[in-house]
Amino acid sequence: MRPYRLGALELPHRIAMAPMTRGRADDLTGVPSPLTKDYYAQRAGAGLIVSEGIYPNALGKGGPGIPGLVTDAQVAGWREVTEAVHAAGGRIYAQLWHVGRMSHPLVLPDGQPPVAPSAVRIEGEQIFTADGLVDHVTPRPLTTAEAEATVADFAAEARNAIAAGFDGVEIHGANGYLIQQFLAENTNLRADRYGGSRNARLRFAIEVVEAVAAEVGAARTGLRISPDNPENEIAEENAQDTYRTLVDALDPLGLAYLHVIERGAYGALADLRPRWSGTLIGNFNGPEATSVDAGENVLGAGLADLFSFGRHFIANPDLPARIAAGAALSAPDRGPVYGGGAEGYVDYPALTASRV
């Protein structure tokens, strides 16, 4: 359990809590549930918490119960969360998350269609709404001006995150959401300055990172990526070249960290680690929860400075303490993972194998 210095933060160890959607916010206002402060405070033993994804504008919302960081009420709600985490001795970054085409008129205000780089519909999956699972719809392409405005919305959200007491922000550029939709060849068919060549497809991601870093400081700005991740029907033709170019462009900025999800055939951690001079957080996103041994192996091999666990933190709020003690890990009840109240959210106890 070696400590680590992340910018101005002294982390007691190298186990981070990965961002996970939990869907407990008020669906009309986007304000975090009163239970949210308890949920994150219970997990303040993480070296670093990265919050669930939080939308930067109304069109970025990806489903029922997703919180925002746009309105004063949302900022005030998150301030209660950060104060609770800090009072418990923890550190927390806000994840800035626009889902792009991964939304639906049943989720968005006034029944608007989702937006995306191009009008490319997800064909083989469904999306969860208040009416249950429904087919995706064809998204509306953002105009060039709207893409530029969305960059500004990310920066404004970052400013709100710091006002809410977060220690920093992580930009979600992974898992097939808006930023990766701009990166991928199959979802970016644009002919303006945000599409066409590889460098043009990278432009939106780079502009978002630069805008956020300019707003809150590079030392408080992280980026999450998932090279070669087919999730949400993303197809990247040459992930290695795409992400090498992206990392090379961003490395000089001096960001707080790069958070790399490794999934698929491309060994992203080993390939990108030598190209990134700052802090790198490793993560695996497979069908099963990542084993503790797998995370320790990544750290031991020097492929990452920190390793983030997601699902283990749901049922093990004291996960680092359990790992240090060699204690058994509980498995989460998958029924109440998304939405609901206290059950399966804040009722997992510390250092016991079952939920009360």
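The structure presented is a predicted model; accordingly, all values stated were derived computationally and were not measured.

Draft legend 1. Expanded view of the overall build of the protein. Along the backbone of the protein there are 10 helices and 14 strands. A compact globule built from 356 residues should have a C-alpha radius of gyration of about 21 Å, and the protein, at 19 Å, falls within 12% of that. Dimensions of the protein, computed from the C-alpha atoms along their principal axes, are close to 55 × 45 × 35 Å. Here the protein holds 356 residues, and the buried ones make up 57% of them. For the protein, the proportion of contacts with a sequence separation of at least 24, taken over those separated by at least 6, is 70%. A total of about 13,200 Å² of accessible surface is found on the protein, and carbon and sulfur atoms cover 53% of it. Of the charged side chains in the protein, 29 are positive and 42 negative; the average position of the first set lies 3 Å away from that of the second.

Draft legend 2. Representation of the packing of helix H5 (residues 198–216) against helix H6 (residues 239–250) within the structure. As a packed pair, H5 and H6 sit with axes 10 Å apart at the nearest point and diverge in direction by 40 degrees. For the element pair H5 / H6, the angle class is oblique. In the packing of H5 onto H6, the handedness of the crossing is right-handed. Across the interface between the two elements, Arg198, Asn199, Arg201, Leu202, Ala205, Ile206 and Val209 from H5 touch Asp241, Thr242, Thr245, Leu246, Ala249 and Leu250 from H6. Looking at the contact of H5 with H6, its residues break down into seven nonpolar, three polar and three charged.

Draft legend 3. Here's a closer look at the nonpolar core. In terms of nonpolar packing, the biggest core is built from 76 residues, with Tyr40, Leu69, Phe166, Phe204, Val212 and Leu246 touching the most fellow members. Per-element accounting of this core gives the leading share, nine residues, to H5. Residues within four places of tyrosine 40 in sequence aside, it is in contact with Met17, Ile49, Ser51, Glu52, Trp78, Val81, Val85 and Ile92. Counting residues in each nonpolar core, the second largest holds 12 residues, with Leu11, Tyr93, Ala256 and Leu306 among its members.

Draft legend 4. Representation of the environment of glycine 100. Tracing the chain through its elements places glycine 100 in the loop between strand S5 (92–96) and strand S6 (115–116). Among the residues examined, glycine 100 registers a relative accessible area of 0% and is labelled buried. Linking glycine 100 and glutamate 237, residues 137 residues apart in sequence, is a C-alpha distance of 20 Å.

Draft legend 5. Fine view of the pairing of strand S11 (residues 221–225). For S11, the buried fraction is high: five of the five residues fall into the buried class. Across the two faces of S11 the burial is the same, with Thr221, Leu223 and Ile225 and Gly222 and Arg224 all buried. Note that strand S10 (residues 168–173) and S11 share five bridges and pair parallel. Of the residues in S11, the one forming a bridge with valine 169 is threonine 221. With four bridges joining them, S11 and strand S12 (residues 257–262) adopt parallel strand pairing. From the neighbouring strand, arginine 224 faces S12, where its bridge partner is histidine 259.

Draft legend 6. Geometry of the packing of aromatic side chains. Scanning the entire structure with this criterion turns up 11 aromatic pairs. Members of the aromatic cluster, joined through ring pairs, are Tyr39, Tyr40, Trp78, Phe166 and Tyr345.

Draft legend 7. Summary view of the packing of helix H3 (residues 144–163) against H5. Axis separation between H3 and H5 bottoms out at 8 Å; the angle between their running directions is 35 degrees. Between H3 and H5 the crossing geometry is right-handed. Between H3 and H5, the contacting residues are Ala147, Thr150, Val151, Phe154, Ala155, Ala158, Arg159 and Ile162 on the first element and Phe204, Glu207, Val208, Ala211, Val212, Glu215 and Val216 on the second. Within the contact of H3 with H5, the residues separate by chemical class into 11 nonpolar, one polar and three charged.

Draft legend 8. Up close: the layout of surface pockets. When its volume is computed, the second largest pocket comes out at roughly 220 Å³. If you go around the second largest pocket, you meet 13 residues; those closest to its centre are Met1, Arg14, Ile15, Glu296 and Leu299. Every element with two or more residues in the lining of the second largest pocket is listed here: helix H8 (292–300) and strand S14 (306–309). For the lining of the second largest pocket, the leading source of residues is H8, giving five residues. Looking at the lining of the second largest pocket, its residues break down into seven nonpolar, three polar and three charged.

Draft legend 9. Structural context of the environment of proline 227. Here proline 227 shows up in the loop between S11 and H6. You can call proline 227 buried: its relative accessible area is 1%. Through-space distance from the C-alpha of proline 227 to that of arginine 275 is 15 Å; in sequence the pair is 48 residues apart. Excluding residues within four positions of it along the chain, proline 227 makes contact with Glu236, Tyr243, Val260, Ile261, Arg263, Tyr266, Ala268 and Leu272.

Thresholds, definitions, all that
Residues numbered from 1 in each chain as written. Predicted model: local features only at pLDDT ≥ 70, side-chain atom pairs only at ≥ 80, totals over all residues. Heavy atoms only, no water. Helix = DSSP H or I, 4+ residues; strand = E, 2+ residues; numbered from the N terminus. Rg over C-alpha atoms; globule rule 2.2 N^0.38 Å. Buried < 20%, exposed > 50% of the residue type's maximum accessible area, 1.4 Å probe, protein only. Contact = heavy atoms within 4.5 Å. Areas by Shrake-Rupley, 256 points an atom, 1.4 Å probe, with all protein chains shown as cover. Lys, Arg positive; Asp, Glu negative; His and termini not counted. Charge placed at Lys NZ, Arg CZ, Asp CG, Glu CD. Axes fitted to C-alpha atoms, helices over the stretch in contact; angles between N-to-C directions. Parallel < 35°, antiparallel > 145°, perpendicular 65-115°, else oblique. Left-handed = near helix turned anticlockwise from the far one by under 90°. Nonpolar A, V, L, I, M, F, W, Y, C, P; charged D, E, K, R; others polar. Core = buried A, V, L, I, M, F, W, Y, C linked by side-chain atoms within 4.5 Å. Pairing = 2+ DSSP bridges. Phe/Tyr/Trp six-rings, centres within 6.5 Å; stacked < 30°, edge-to-face > 60°. 1 Å grid on protein atoms, 1.4 Å probe; cavity = no way out; pocket = protein on both sides within 12 Å on 5 of 7 lines; lining within 4 Å. Points joined across faces, edges and corners; volume = space filled by probe spheres on them.

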